[in-house]
Amino acid sequence: KTSQNPLIMSTSTTTMTMAVQGSHSKAPCRVFLRTILCLSLLLLPSHATKVCQPFQPLKRNSLNMSTTMAAATATTTFPRGGGAAKLTATTTAASPPSPAIIFQSFLQTIANARSHLAAAAAARAISIFGMYPVDTIKTRMQMKQGDAFRLSGLYKGCAGSLVGQVPYGVLTFGSYEIYKQALLNKFPNTKPALIYALSAILGDVTGSGWLCPSEVMKQQLQAGLYPSMSEAIRGIWSKSGIAGFYQGFTGGLARDVPFRVAQLTTFEVTKSLYLKAKNKGRTAEDTVPLSALEAAVCGAAAGSFSAAITNPLDRIKTLMMTDTTNAYGGSVVACASKILKDEGIGGLFAGVAPRVGYIAPSVCIFFVTYEFVQQKMQKKE
């Protein structure tokens, strides 16, 4: 059953999303909506996705075989899509959950995780605003601009970035917690590291459809291609329509999924090992939670590691989103090939220093704020 197999769900949703091409303006939106519907299946209670009991084989009746088979066929519900019918010893199989039930279950799960969502929103906003100038310098360096450290325009596009990034952070990190708990409950014998990685992928795919338009505008503003957000919106729309706001969509996803897996998996494992050592010898009632300072250390380590290993993908994403002349081919492979041809392997690591310098403190700020807000809300509840 697909809804009860996270590996199949992860493969199918990632394959659908990576198949989006920039030339098809409405495809990313359709893929995003389908992905949300598919991912919500993971959140359904187990009984909502169960079907009928195994069918007991019919006894052969040589005197009246046609009557026997006709009766079995009449009392059997055949699923749509050409799948094999599941027969019951009674009459009919349980009908699949309707989209309304799936949607209600997803909304209820989000409501139950409001502390995660609120903590993620606050942490995202503070970390982005505080480290935005470093992100601008990184973008300029990746585009090989001469004076990357000029003071003018360091906060250009910040407001639009917050509009895109804060809901994106809520969707990715908040849904990560939702998926993580749902998968841990359904598959308690699965290795936690696998659950963390799968939850990170699902969370990032959930938010990618919202993030891309604001990210395109932000990076083109940082590069100086437009003087203001309103000009960027008009310019992108006049040139490419809705497809222009999803320029570099596959590049962003190719960067974000590996980064999120590395970041959150490293953080969860580091936090788990640290808390295990910290609470060694304590009873369940005396366990001490992670402090803000300890969360900062774990977050900085996870962020630095993730930023360094995914810098080549970040450079590809930056060039794809700021490529107004299609010089880099419009795809991840074409962009990577051109970088290697023109600049060599070192070109993939352009801007790695400011990227690590941006990610490590911002992740530190994020996790400190997240853990602090979450713990305060849990105490109130």
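Read on for a plain summary of the structure. Chains are numbered independently. Their residues run from 1 in the order of the written sequence. This being a predicted model, a pLDDT of at least 70 is required before a residue's local features are given, and a value of 80 or more before pairs of side-chain atoms are given or counted; all residues contribute to the totals for chains, interfaces and linings. Hydrogens are left out, water is left out, and the side-chain values use all remaining heavy atoms of the structure.

1. Details of the packing of helix 7 (residues 192–222) against helix 8 (residues 229–240)
The geometry of helix 7 relative to helix 8 is characterised by a closest axis approach of 10 Å and an angle of 115 degrees between their N-to-C directions. Between helix 7 and helix 8, the angle falls in the class roughly perpendicular. Viewed along their axes, helix 7 and helix 8 form a crossing whose handedness is right-handed. Listed contacts from helix 8 to Val 216, Met 217, Gln 220 and Leu 221 of helix 7 are Met 229, Ala 232, Ile 233 and Ile 236. Residue composition of the contact of helix 7 with helix 8, grouped by class: seven nonpolar, one polar and no charged. Where helices are involved, their axes are fitted lines through C-alpha atoms of the stretch in contact, as for all axes, and angles between N-to-C directions lie from 0 to 180°. Helix numbering and strand numbering both begin at the N terminus, where a helix is a DSSP run of H or I of at least 4 residues and a strand a DSSP run of E of at least 2. The scheme is simple: roughly parallel for angles under 35 degrees, roughly antiparallel for over 145, roughly perpendicular for 65 to 115, oblique for anything else. Put simply, a crossing is left-handed when the front helix is turned counterclockwise from the back one by less than a right angle, and right-handed when it is turned clockwise. Note on contacts: a residue pair qualifies if any of its non-hydrogen atoms lie within 4.5 Å across the two residues. Residues are grouped as follows: Ala, Val, Leu, Ile, Met, Phe, Trp, Tyr, Cys and Pro are nonpolar; Asp, Glu, Lys and Arg are charged; all remaining types, including Gly, are polar.

2. As for a nonpolar patch on the surface
A grouping of Leu 340, Ile 345 and Phe 349 is seen on the molecular surface, where their side chains present a nonpolar patch of about 290 Å² in accessible area. If you trace the backbone, Ile 345 turns up in the loop between helix 12 (332–343) and helix 13 (352–380). Each residue's exposure class comes from its accessible area (1.4 Å probe, protein chains only) as a fraction of the maximum for that residue type: buried when under 20%, exposed when over 50%, partly exposed otherwise. A residue is classified by how much of its surface remains accessible, and Ile 345, at 58% relative accessible area, is exposed. A patch is a set of surface residues, each over 30% in relative accessible area and not in a salt bridge, joined within 9 Å for like charges and within 5 Å for the nonpolar side chains Val, Leu, Ile, Met, Phe, Trp and Tyr. Throughout, the Shrake-Rupley method with a 1.4 Å probe supplies accessible areas, and for residues the shown protein chains are the sole cover considered. The salt bridge criterion pairs a side-chain nitrogen of Lys or Arg with a carboxyl oxygen of Asp or Glu, the two atoms within 4 Å.

3. Some remarks on the packing of helix 5 (residues 114–142) against helix 13
The angle between the axes and the distance between the axes are what describe a pair of packed helices. Relative to each other, helix 5 and helix 13 sit at 165 degrees, their axes nearing to 8 Å. The orientation of helix 5 with respect to helix 13, classified from their angle, is roughly antiparallel. Our pair here, helix 5 against helix 13, has a crossing hand that is right-handed. Here the contact of helix 5 with helix 13 is built from residues that sort into 18 nonpolar, seven polar and five charged.

4. A few points about the nonpolar core
Only buried residues count toward a nonpolar core. Its members are Ala, Val, Leu, Ile, Met, Phe, Trp, Tyr and Cys residues joined through side-chain atoms within 4.5 Å. Core analysis: the largest hydrophobic core is formed by 28 residues, its most contacted members being Val 261, Phe 267, Ile 359, Phe 367 and Tyr 370. Here this core gets seven residues from one element, more than from any other, and that element is helix 13.

5. Things to note about helix 8
Note that an α-helix has 3.6 residues per turn; residues three or four places apart therefore point the same way. Taking 1.5 Å per residue as the helical rise, helix 8 with its twelve residues ought to reach 16 Å, and the 16 Å between its terminal C-alpha atoms agrees with that figure. Against the buried residues of helix 8 lie helix 7. The positive-phi residue at the C-terminal boundary of helix 8 is Gly 241, with phi of around 70 degrees. Helices are assigned an expected span. That span is 1.5 Å times one less than the residue count.

6. Notes on the pattern of salt bridges
Considering all chains together, one arrives at 14 salt bridges under this definition. For Asp 314, the salt bridge is made with Lys 138, and the minimal N-O distance between the two is 3.0 Å. Of the two residues, Asp 314 sits in helix 11 (residues 311–321) while Lys 138 sits in helix 5, which places them 176 residues apart along the sequence. Given a relative accessible area of 0%, Asp 314 falls into the buried group. Salt-bridge contacts for Asp 314 lead to Arg 255; the nearest nitrogen and oxygen are separated by 2.6 Å. Of the two residues, Asp 314 sits in helix 11 while Arg 255 sits in helix 9 (residues 249–278), which places them 59 residues apart along the sequence. Sharing partners across several salt bridges, the network here consists of Asp 135, Lys 138, Glu 215, Lys 218, Arg 255, Asp 256, Asp 314, Lys 317 and Arg 355.

7. Focus on unusual backbone geometry
Its identity as a non-glycine residue notwithstanding, Lys 144 has a phi of 60 degrees, on the positive side. For Lys 144, the location among the structural elements is in the loop between helix 5 and helix 6 (158–186). The class of Lys 144 is exposed, set by a relative accessible area of 55%. Residues other than glycine seldom take positive phi values, yet Asn 326 does so here, at roughly 60 degrees. As for its position among the elements, Asn 326 is in the loop between helix 11 and helix 12. Judged by relative accessible area, Asn 326 falls into the exposed class, the value being 53%.

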